[in-house]
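Single-letter residue listing:
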Amino acid sequence: MVAAAFAGPLVYLVVRTAQEGGAPEVLRSETALGPLTRTLLLAATTAVACALLGTTLAWLVMRTDLPLRRLFRVLVALPLVIPSFVGALALIAAFARGGLLDELFGFDALPPVRGYWAAFATLTLLSYPYVYLPVAARLSALPPSLEETGRSLGRSPAQVFRSLVLPQATGAIAAGALLVFLYVISDFGAVSLLRYDTLTVRIESARLFDPPTALALGLLLAVVALVVVMSERGLSRRRVNTEAVAAGRRPLQAPLGVWKAPALALVVGVVGIALVAPVAVLAQWTLRGLGEDRAARGVEWSDLWQPLLNTGGIAVVTAVVAVAVVLPVAYLTTRHQSRVGAVANALVVAGFALPGLVIALAVVFWVLRAPLVGGLYQTFPLLVFAYVVHFGAQAMRASQVAVSGVPRRLGDAARSLGSGRWRRLRTVDLPLMLPGLGAGAGLVLLSTMKELPATLLLAPTGFDTLATRIWSATESAYFARAGLSALALVALSGVLTWLLTIRRLERLDA
Amino acid sequence: MRTIVELRELTKDFGAVRAVDRVDLDVREGEVLALLGPSGCGKTTTLRLVAGFERPDAGRIVLDGEEVAGSDRFVAPERRRVGVVFQDYALFPHLTVGHNVGYGVRDRNARDARVAEMLDLVGLTGEAARLPHELSGGQQQRVAIARALAPEPALILLDEPFSNLDAALRVRVRGEVRAILCDAAATAVFVTHDQEEALSLADRIAVMRAGRVLQVDEPGTLYAHPTDRFVATFVGDADLLPGRADGDAVTTAVGRLPTTNGDLSGDVAVALRPERVSLRLDGAGQGVVRGITYFGHDQLVEVGLEDGARVRSRMGPVRAFEPGDRVSVAVTGEVIAFRVSGTLNELTPDLASE
């Protein structure tokens, strides 16, 4: 049943596109080809750039004598909390007349930022943490004896990195780059603001007056995502037996020597541009808006509270529902190795590969067409449903780890003490899985808060989240209002990210 | 004979803990030296200092005539020509056996020949194309040794080399490793907490405790003439009894025993090896049998004495005693005595049971 729900949108997309016919023409025409090429170009180049940047940063902060590396370990991961459209917004605002660059340096004749390079730079700087985090985690799980052996056999730190560490981190790098790729092809906010015409932008503009085209393009996007995911899986299967894992003592440190200054400059530069600059720009806009007549610039405190509550509320509901829905599948796949479980798992994962916009689109058209559920259009449950389909995979991975973390013999021990199935679940399994499930729920929470395109399409009228509030404020050029909401969103997700991911990374160094 | 390793006043602190405390040690060319001690005694840290994975806080290390660590000198591990075999073997899982062994051989032209030679040496001829996870534990260990030996290091270090093998395999592999090191004429230092391993494999043993080296000697000397009561109880079984020394004998609860060191007087402790203790059923004896641990080829009989002390006797397989039997205790040969100041409780080394 869970599987069916997750498969629903994709199946509907295929069926509808087939019914409408005309899909082949749409896909062959210039309408599809241009945006498709641009989407693939942007996603591929961004993924490669993120792989390089994320891996370099991970190595610098985890394995060298870089000054302040413990602080940077946290800071370097933080651009993750800035949604792409907020980053793009900050970039535009910084370059605009009267923007931060104008105010600080007197550059008042800067060209407006737009197009491929702007989108590439924005998305690279905001999504490299998708590579940095898994690679940093992989490095800390690598047995130190591996690198020590390499060094004692006469190889320099750089050679050891190339010949031993890099091959061991390939899996993590590939997984991270894949996430970046999926993130970029499904991104709507940044490319739309920066006027780079990708598939998502085309879908959004076509969905009202030309539904068949929107559906066909949505299907195209879904196919791209699934093909990429499947090919990565095929490649990664071969690696399983050749990865070394061990917890351990402190790893060796590579002395940077004369490279210390350039390395520090790189790390400071990345953190400065990707994290400090956007926040500074948003703060500048907000302060300016607050400094002048509040009502005229459209800033009210109540404007902030309601979206904040809405965002928090729906994110929590989504997170809880996602974990509850996904847990049985996680049980089936890790405990029972069932065929059904494997299929369900694949479908849940596919949901994550599908761009949010595509899922929302499928749900919208499906609900509008179907007589029974028609009343659900733009209601709370439907929005939650779309979120869960989209982000369920994030909870799935964490749940599987949580389930497999409870040794089977504990259940057997409880059983031998005369405890029934439900009592075992309640007294043994759940308490032990709670931290893992919490992490999964937290990931869903974080993603839901930042989600834009599906929320725009599916949210009930008048139901504003921080993301949609920022978006609408931007469209009507209320930068102060956008700035305030964006700061709130960044702060909220910053706290969550810290709790979920970075704290664990920190502990590894203790 | 040339000295390959010289440690002088070597010291390493981890925070407030002094892991290695002013260690002096020489390793001679061609010998196999064991660093023996309970866990946490600083033996692995000493090994890592020699390999260059840790920097000493004080003291110096001279390797093959060159100072590699000192007050103003630190040579990186890759420049030390020291091979290391890790407890977990640390085989590069993504490289074949051949590439693992050839990793440290810098001369490309000589690499293949050297790999083949090393695999012959460790008895893995023709296995070069396999991946580490396809090998058994014993085979993996031999690959790790071949890899460490391949660049012809001046010294090879082994960290708890047999702890990952099951008991049945361990004895056989120990012999194989001994033969490989001999064939390669390698100078080797290995770390272990297992006294049997140290006694059977090493040419000389350095016993460590709490960061200090207590005694360095050949296995036979170490067993027969421990200079320290910790060494006496850690290397081989021994029970400590309090006594009073005068001249060349010590008066104890089990009688007057001749000692090897005749220059002591006053309160001492004597170490009794169980194989030197014999028991006889005797209604007026000094002790009562408390328990028997039966091994088949022999047995350990534990006897409680009147003052609460304990002695053990190792005897043949015939079960002559039952718990509760009153027995008299006799000791053959000379015993080793140590000067003490304190009570019996302080005599009992905290880690004697390891």
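All of these numbers come straight from a predicted model, not from anything done at the bench. (Residues numbered from 1 in each chain as written. Chains lettered and ligands numbered in written order. Predicted model: local features only at pLDDT ≥ 70, side-chain atom pairs only at ≥ 80, totals over all residues. Heavy atoms only, no water.)

### Let's talk about the overall build of chain B
In terms of regular secondary structure, chain B is built from nine helices and 21 strands. Considering chain B as a whole, with its 354 residues, one finds that 52% of them fall into the buried category. Between the centroid of the 41 positive side chains of chain B and the centroid of its 53 negative side chains there is a distance of 2 Å. (Helix = DSSP H or I, 4+ residues; strand = E, 2+ residues; numbered from the N terminus. Buried < 20%, exposed > 50% of the residue type's maximum accessible area, 1.4 Å probe, protein only. Lys, Arg positive; Asp, Glu negative; His and termini not counted. Charge placed at Lys NZ, Arg CZ, Asp CG, Glu CD.)

### So, the overall build of chain A
Check the secondary structure of chain A and you find 24 helices and zero strands. Within the span of chain A, comprising 510 residues, buried residues form 55% of the whole. Of all intrachain contacts in chain A linking residues separated by at least 6 positions in sequence, the fraction that spans at least 24 positions is 83%. (Contact = heavy atoms within 4.5 Å.)

### Thoughts on the confidence of the model for chain B
Looking at chain B as a whole, its pLDDT mean stands at 87, while 96% of the residues score no less than 70. Counting contacts from residues 343-354 of chain B, a segment whose pLDDT is below 50, to residues more than four positions away or on other chains yields 22 contacts. (pLDDT = per-residue confidence, 0-100.)

### Section: the interface of chain B and chain A
If you look at the interface, chain B gives 27 residues, while chain A gives 26 residues. Roughly 2,200 Å² is buried in total at the junction of chain B and chain A, and carbon and sulfur atoms are behind 56% of that figure. When residues of chain B are sorted by the area they lose upon contact with chain A, E78(B), H94(B) and Y103(B) head the list and together hold 31% of the total. Our count for the chain B to chain A interface comes out at two salt bridges. Between R151(A) and E78(B) there is a salt bridge, with its nearest N and O atoms 2.4 Å apart. At the surface where chain B touches chain A, the tally comes to eight residue pairs in polar contact (both at pLDDT 80 or more). Elements with a minimum of two residues in the side of chain B that touches chain A: α1 (43-51), β7 (82-85) and α4 (137-149) of chain B. (Buried area = accessible area lost by both parts, 1.4 Å probe. Salt bridge = Lys/Arg side-chain N within 4 Å of Asp/Glu carboxyl O. Polar contact = N/O pair within 3.5 Å; in protein donor to acceptor, adjacent residues only side chain to side chain.)

### So, the environment of N261(B)
Residues and elements named next belong to chain B. Residue placement: N261 occurs in the loop between β14 (255-258) and β15 (266-272). Residues N261 and I336, 75 residues apart in the sequence, show an inter-C-alpha distance of 7.0 Å. Residues contacting N261, with those up to four places away along its chain left out, are V335, I336 and A337.

### What to know about helix α9 (residues 144-152) of chain A
All names here are of chain A. Within α9, nine of the nine residues are buried, leaving the element largely enclosed by the surrounding structure. All of the buried residues along α9 are P144, S145, L146, E147, E148, T149, G150, R151 and S152. Remark: G154 follows α9 within two positions and exhibits a positive phi of approximately 95°.

### Side note on the sheet that holds strand β8 (residues 155-159) of chain B
Residue and element names in this part refer to chain B. Pairing is mixed across the open sheet formed by six strands, whose spatial order is β7-β8-β9-β3-β10-β11. Looking at which strands have only one partner, the edges of the open sheet turn out to be β7 and β11 (212-217). Between one strand and the next, the sheet's axes are offset by a mean angle of 20°, whatever the strand orientation. Relative to β11, strand β10 (residues 204-209) runs antiparallel, the two sharing five bridges. Opposite M208, over in β11, you have V213 as the bridge partner. (Pairing = 2+ DSSP bridges. Axes fitted to C-alpha atoms, helices over the stretch in contact; angles between N-to-C directions.)

### As for a nonpolar patch on the surface
Taken together, the side chains of V11(A), V14(A) and V15(A) define a hydrophobic patch exposed on the protein surface, amounting to about 220 Å² of accessible area. Locating V11(A) in the fold gives a position in helix α1 (residues 2-20). (Patch = residues over 30% accessible without salt bridge, like charges linked within 9 Å, V, L, I, M, F, W, Y side chains within 5 Å. Areas by Shrake-Rupley, 256 points an atom, 1.4 Å probe, with all protein chains shown as cover.)

### Comments concerning the side chain of K43(B)
Along the chain, K43(B) turns up in helix α1. Once residues lying within four places of it in the same chain are set aside, the contact partners of K43(B) are L35(B), L36(B), G37(B), P38(B), E160(B), V191(B), T192(B), H193(B) and M208(B).

### Details of the packing of aromatic side chains
Residues and elements named next belong to chain A. The tally for this structure, following the rule as stated, stands at 13 aromatic pairs over all chains. When the ring of Y116 is compared with that of F120, the centres are 5.7 Å apart and the planes differ by 15°; the resulting orientation is stacked. Of this pair, Y116 and F120 both sit in helix α7 (residues 115-127), four residues apart, which is roughly one turn of the helix. A residue is classified by how much of its surface remains accessible, and Y116, at 17% relative accessible area, is buried. (Phe/Tyr/Trp six-rings, centres within 6.5 Å; stacked < 30°, edge-to-face > 60°.)

### Describing the side chain of T233(B)
With respect to the element layout, T233(B) can be found in helix α8 (residues 229-234). A polar contact is formed between the side chain of T233(B) and the backbone oxygen of R229(B), at a distance of 3.1 Å.

### Some thoughts on the nonpolar core
Counting residues in hydrophobic clusters, the biggest one holds 156 residues, and the most contacted among them are L42(A), Y128(A), Y132(A) and L458(A). One finds V97(B), L135(B), F162(B) and V231(B) within the second-largest nonpolar core, a separate group that totals 43 residues. (Core = buried A, V, L, I, M, F, W, Y, C linked by side-chain atoms within 4.5 Å.)

### Structural notes on the pattern of salt bridges
Residues and elements named next belong to chain B. Using the criterion set out here, one finds 35 salt bridges over all chains in the structure. A salt bridge links E54 to R48, with the shortest nitrogen-to-oxygen separation between them at 3.3 Å. For R48, a relative accessible area of 5% translates into the label buried. Here R290 and E302 are joined by a salt bridge, their closest N and O atoms 3.5 Å apart. Remark: E302 occurs in strand β18 (residues 299-305) and R290 occurs in strand β17 (residues 287-294); sequence separation between them is twelve residues. Put simply, D237, D239, D298, R310, R312 and R314 are held in one network by salt bridges that share partners.

### Digging into the domain arrangement of chain B
The assigned domain composition of chain B is domain 1 (3-224) and domain 2 (239-341). Relative placement of domain 1 of chain B and domain 2 of chain B: their C-alpha centres are 39 Å apart. (Domains from an automatic or database assignment.)

### Comments concerning the pairing of β10(B)
Residues and elements named next belong to chain B. Across the six residues of β10, five count as buried, placing the element largely inside the fold. As paired strands, strand β3 (residues 32-36) and β10 are joined by four bridges and run parallel to one another. Among the inter-strand pairings, L35 is bridged to a residue of β10, identified as A206. Counted between consecutive antiparallel strands, the loop separating β10 from β11 contains two residues, among which A210 sits at a positive phi close to 50°.

### A short note on the packing of α4(B) against helix α5 (residues 167-183) of chain B
To describe two helices that pack against each other, one gives the angle between their axes and the distance between the axes. Residues and elements named next belong to chain B. Orientation of α4 relative to α5, taken along the N-to-C sense of each, is 20°, at an axis distance of 11 Å. By the angle class used here, α4 and α5 are roughly parallel. Here the hand of the crossing between α4 and α5 comes out right-handed. Facing α4, whose interface residues are G138, Q141, R142, I145 and L149, α5 presents L169, V173, E176, V177 and I180. Grouping the constituent residues of the contact of α4 with α5 by class yields six nonpolar, two polar and two charged. (Parallel < 35°, antiparallel > 145°, perpendicular 65-115°, else oblique. Left-handed = near helix turned anticlockwise from the far one by under 90°. Nonpolar A, V, L, I, M, F, W, Y, C, P; charged D, E, K, R; others polar.)

### Structural notes on the sheet that holds β15(B)
Backbone hydrogen bonds hold the strands of a sheet together, and the pairing may be parallel or antiparallel. Residue and element names in this part refer to chain B. A sheet is described by the order of its strands in space; here five strands give the open sequence β14-β13-β12-β15-β21, paired in antiparallel fashion. Two strands bound the open sheet, and with one partner strand each, they are β14 and β21 (336-339). Here the average twist between neighbouring strands, direction ignored, is 40°. Pairing of strand β12 (residues 239-246) with β15, which is carried by seven bridges, proceeds in the antiparallel orientation.

### Regarding α5(B)
Residues and elements named next belong to chain B. In this model α5 runs 25 Å from its N-terminal to its C-terminal C-alpha over 17 residues, within 8% of the 24 Å that 1.5 Å per residue would give. Among all positions of α5, only V173, R174, V177, I180 and L181 are buried. On the buried face of α5, the contacting elements are β3, α3 (108-121), α4, β8, β9 (188-192) and α6 (195-201). Once α5 finishes, A185 follows within two positions and takes phi at roughly 50°, a positive value. (Expected span 1.5 Å × (residues − 1).)

### Some words on the confidence of the model for chain A
Residue and element names in this part refer to chain A. The share of residues in chain A with pLDDT of 70 or more is 80%, and the mean pLDDT across the chain is 78. Ranking the elements of chain A by mean pLDDT puts helix α15 (residues 294-297) last with 50 and α7 first with 91. Note on residues 506-510: pLDDT under 50 across the span, and six contacts to partners over four residues away in sequence or across chains.

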